[in-house]
Amino acid sequence: MKIEQIYTKCLAEAAYYIESNGEAAIIDPLRETQPYIDMATENGAKIKYIFETHFHADFVSGHIDLAKKTGATIVYGPTATTNYDVLVAEDNQIFEIGDVKIKVLHTPGHTPESSTFLLIDENGKEHAIFSGDTLFLGDVGRPDLAIKGDLTQEDLAGMLFDSLRNRIMPLGDDVVVYPGHGAGSSCGKNMSSETVGTLGEQKATNYALRADMTKEEFIKEVTTGILPPPQYFPKNARMNKEGYTSIDEVLTTGTKALTLEEFNTEVEKGALILDVRTQFDFIKGFIKDSLFIGINGAFAMWVGALIEDINQPIVLIAPEGKEEETVLRLARVGYDNTIGYLKGGVETAREGGLTIETLKSISAEELAENIDQVNVVDVRKPGEWESSHLEMADHYPLDYINEQLDVLDKDATYHIHCAGGYRSVIAISILLRNGYEAENLIDVAGGYGAIKQTSLPKLETACANA
């Protein structure tokens, strides 16, 4: 028996490859299909099943393309309905993969069709669960992401309580837990940075698995403090349910090298200029009206949170050699309409007479020297802000910046920071596209990590000081 976790940090997502005696199964594959096909080929195995724990909201699964390419059967848990051929399993149904078995445990709560897959090894022992978004390490799935229906988040939370107590917690403490996500995902609120654990550890440490917890307490705790889901979540869930364009077609179209004339034509027709270089390169020079989201950060998540139209045509400014990776990472969250990239990037644009702008960036020490004369804007997440922030700063989380574009004074000057410098440049690029002037928006290099090293007055919570 072979189990391999394929963890993708920028999405905090785990897919799984299971193999036994020449047969393989994939659980929750990402959009790209070739890595899974290559793994099976290298091991002389045939992919027999593709198991989906639920209709994912935070990424587009590769299950449809993978099934077409391999002949594997797509398996969902009870109640799932799709616009393509799948096997909707019954609760407790068993699937054989070589000498091992996968048992379907219907565990509704995160979504109605959510299921956990129990792996039974060659000796008949319950070895591991692939829990999707039902159970994470340190947390459980949020109950507010069902894409339609009359169920409230409280209804789903109650179902999740029952699923955990009746289907998962009775399993042995030595059962390995392979979750669908780790820290950084928006599918939960308290996930561990670890990506593999045991059920016994979770029973002892996970707040949602307390033995003396009532259903009412559980519902209150799992529904308290949930931030609104990113706007792309229901759109991705719908694509996973209804189908999508082949990834091969998306990559072929999106990786076309555009001349400056072709680039300008697409922009005039409404294409978004997406600059995915580093924030340092962007600061030094960028095409006017570009949106910066660098591929060196949590790229896909910020694309999904900030580009509201999932069908938006996109033209890229990308580091040489990173064009295909960028198109793929866009497609992972459903942005399939990349038209191509400008060959030669900013230098081609500069030579062709396009307007190239720059940003001012100062050090945390420079900010400290002039703090009495400046406005400071912190664009970190609410939890980061609550833990520690500058006394004089205003808080405008990047996640919700599109809803606050008219709050700041377009005639005032703002010094903008995040934790390390990536998100602040994203925020500035968005403000520039919405009528703010570059001379009024100053990046604080190194973000709050650098600011903490200065003597500037800060407000910190008790737990931050502990």
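Residues numbered from 1 in each chain as written. Predicted model: local features only at pLDDT ≥ 70, side-chain atom pairs only at ≥ 80, totals over all residues. Heavy atoms only, no water.

Trainee: Go over the packing of helix α3 (residues 153–168) against helix α5 (residues 215–223) with me, naming the residues and quoting the values.
Mentor: Running from N to C, α3 and α5 cross one another at 120 degrees; their axes reach a closest spacing of 9 Å. Here α3 is positioned oblique relative to α5, judged by the angle of their axes. Regarding α3 and α5, the two cross each other, and that crossing is right-handed. Counting all contacts with α3, which are made through Q153, E154, A157, G158, L160, F161, D162, L164 and R165, the residues of α5 involved are K215, F218, I219, V222 and T223. (Axes fitted to C-alpha atoms, helices over the stretch in contact; angles between N-to-C directions. Helix = DSSP H or I, 4+ residues; strand = E, 2+ residues; numbered from the N terminus. Parallel < 35°, antiparallel > 145°, perpendicular 65-115°, else oblique. Left-handed = near helix turned anticlockwise from the far one by under 90°. Contact = heavy atoms within 4.5 Å.)

Trainee: Explain the sheet that holds strand β5 (residues 73–76) to me, and be specific about the residues and the numbers.
Mentor: One open sheet holds the six strands; their spatial order is β1-β2-β3-β4-β5-β6, and the pairing between them is mixed. A strand with exactly one partner marks an edge of an open sheet, and here the two such strands are β1 (2–8) and β6 (87–88). Bridge count between β5 and β6: two bridges; the pairing is parallel. The residue of β6 that forms the bridge with Y76 is V88. The sheet contacts of helix α1 (residues 34–42) involve β1, β2 (13–20), β3 (23–27) and β4 (46–51), and relative to β2 the element is tilted by about 25 degrees. Along the sheet face, helix α2 (residues 63–70) touches β3, β4 and β5 and points at about 155 degrees away from the line of β4. (Pairing = 2+ DSSP bridges.)

Trainee: Give a detailed account of the nonpolar core, specifying residues and quantitative values.
Mentor: In this structure, I47, L274, I293, F299, L359, L398 and I426 are the most contacted members of the largest nonpolar core, which totals 91 residues. Counting residues per element, this core draws most heavily on helix α15 (residues 422–432), which supplies eight residues. Apart from the residues within four sequence positions on either side, L274 is in contact with L291, I293, F299, I314, V315, L316, I317 and L330. In this structure, V140, I168, M169 and V175 belong to the second largest nonpolar core, which totals 24 residues. (Core = buried A, V, L, I, M, F, W, Y, C linked by side-chain atoms within 4.5 Å. Buried < 20%, exposed > 50% of the residue type's maximum accessible area, 1.4 Å probe, protein only.)

Trainee: How would you sum up the packing of helix α10 (residues 299–306) against α15? Please name residues and give values.
Mentor: Interaxial distance between α10 and α15 falls to 13 Å at its minimum, and their mutual angle equals 30 degrees. In this view, α10 runs roughly parallel relative to α15, as classed from their interaxial angle. Here the hand of the crossing between α10 and α15 comes out right-handed. Here F299, W302 and L306 of α10 come into contact with α15, specifically with Y422, R423, I426 and I430.

Trainee: Describe the packing of aromatic side chains, with residues and values.
Mentor: Evaluated as defined, the whole model comprises 13 aromatic pairs. Relative to Y422, the ring of F292 has its centre 5.9 Å away and its plane inclined at 70 degrees; by these criteria the two rings are edge-to-face. Of the two residues, F292 sits in strand β16 (residues 291–292) while Y422 sits in helix α15, which places them 130 residues apart along the sequence. Classification of Y422 as buried rests on a relative accessible area of 12%. Members of the aromatic cluster, each reached through a chain of ring pairs, are Y49, F51, F95 and F117. One Lys or Arg, R31, reaches over the ring of Y244 and ends 4.5 Å from the middle of that ring. Stacked on the ring of Y448, the Lys or Arg R380 has its end atom at 4.2 Å from the ring centre. (Phe/Tyr/Trp six-rings, centres within 6.5 Å; stacked < 30°, edge-to-face > 60°. Lys NZ or Arg CZ within 6 Å of the ring centre and 35° of its normal.)

Trainee: Please set out unusual backbone geometry residue by residue, giving values where relevant.
Mentor: Look at D28: it is not a glycine, yet its phi comes out positive at around 50 degrees. With respect to the helices and strands, the residue D28 is situated in the loop between β3 and α1. Looking at D28, the relative accessible area reads 3%, which means it is buried. Residue D289 is not a glycine yet carries a positive backbone phi of 75 degrees. Examined against the element boundaries, D289 turns out to sit in the loop between β15 (286–287) and β16.

Trainee: Please give an account of the side chain of H415 that cites residues and values.
Mentor: Among the structural elements, H415 can be located in strand β24 (residues 414–417). Look at H415 and you get buried, because its relative accessible area is 8%. Discounting residues that sit within four places of it in the chain, H415 has contacts with I362, L367, V374, N375, V376, V377, I442 and V444.

Trainee: Let's hear about the pattern of salt bridges: which residues, and what values?
Mentor: Evaluated as defined, the whole model comprises 22 salt bridges. With a shortest N-O distance of 2.9 Å, D248 and K69 are connected by a salt bridge. Taken together, the residues D248 in helix α7 (residues 247–254) and K69 in helix α2 connect sequence positions 179 residues apart. The class for D248 is partly exposed, based on a relative accessible area of 37%. Given the relative accessible area of 35%, K69 is considered partly exposed. A salt bridge links D174 to K125; the nearest nitrogen and oxygen atoms lie 2.9 Å apart. Within this pair, whereas D174 is found in the loop between α3 and β11 (176–179), its partner K125 is found in the loop between β9 (115–120) and β10 (126–132), the two being separated by 49 residues in sequence. The network of salt bridges with common partners includes R210, D212 and E221. (Salt bridge = Lys/Arg side-chain N within 4 Å of Asp/Glu carboxyl O.)

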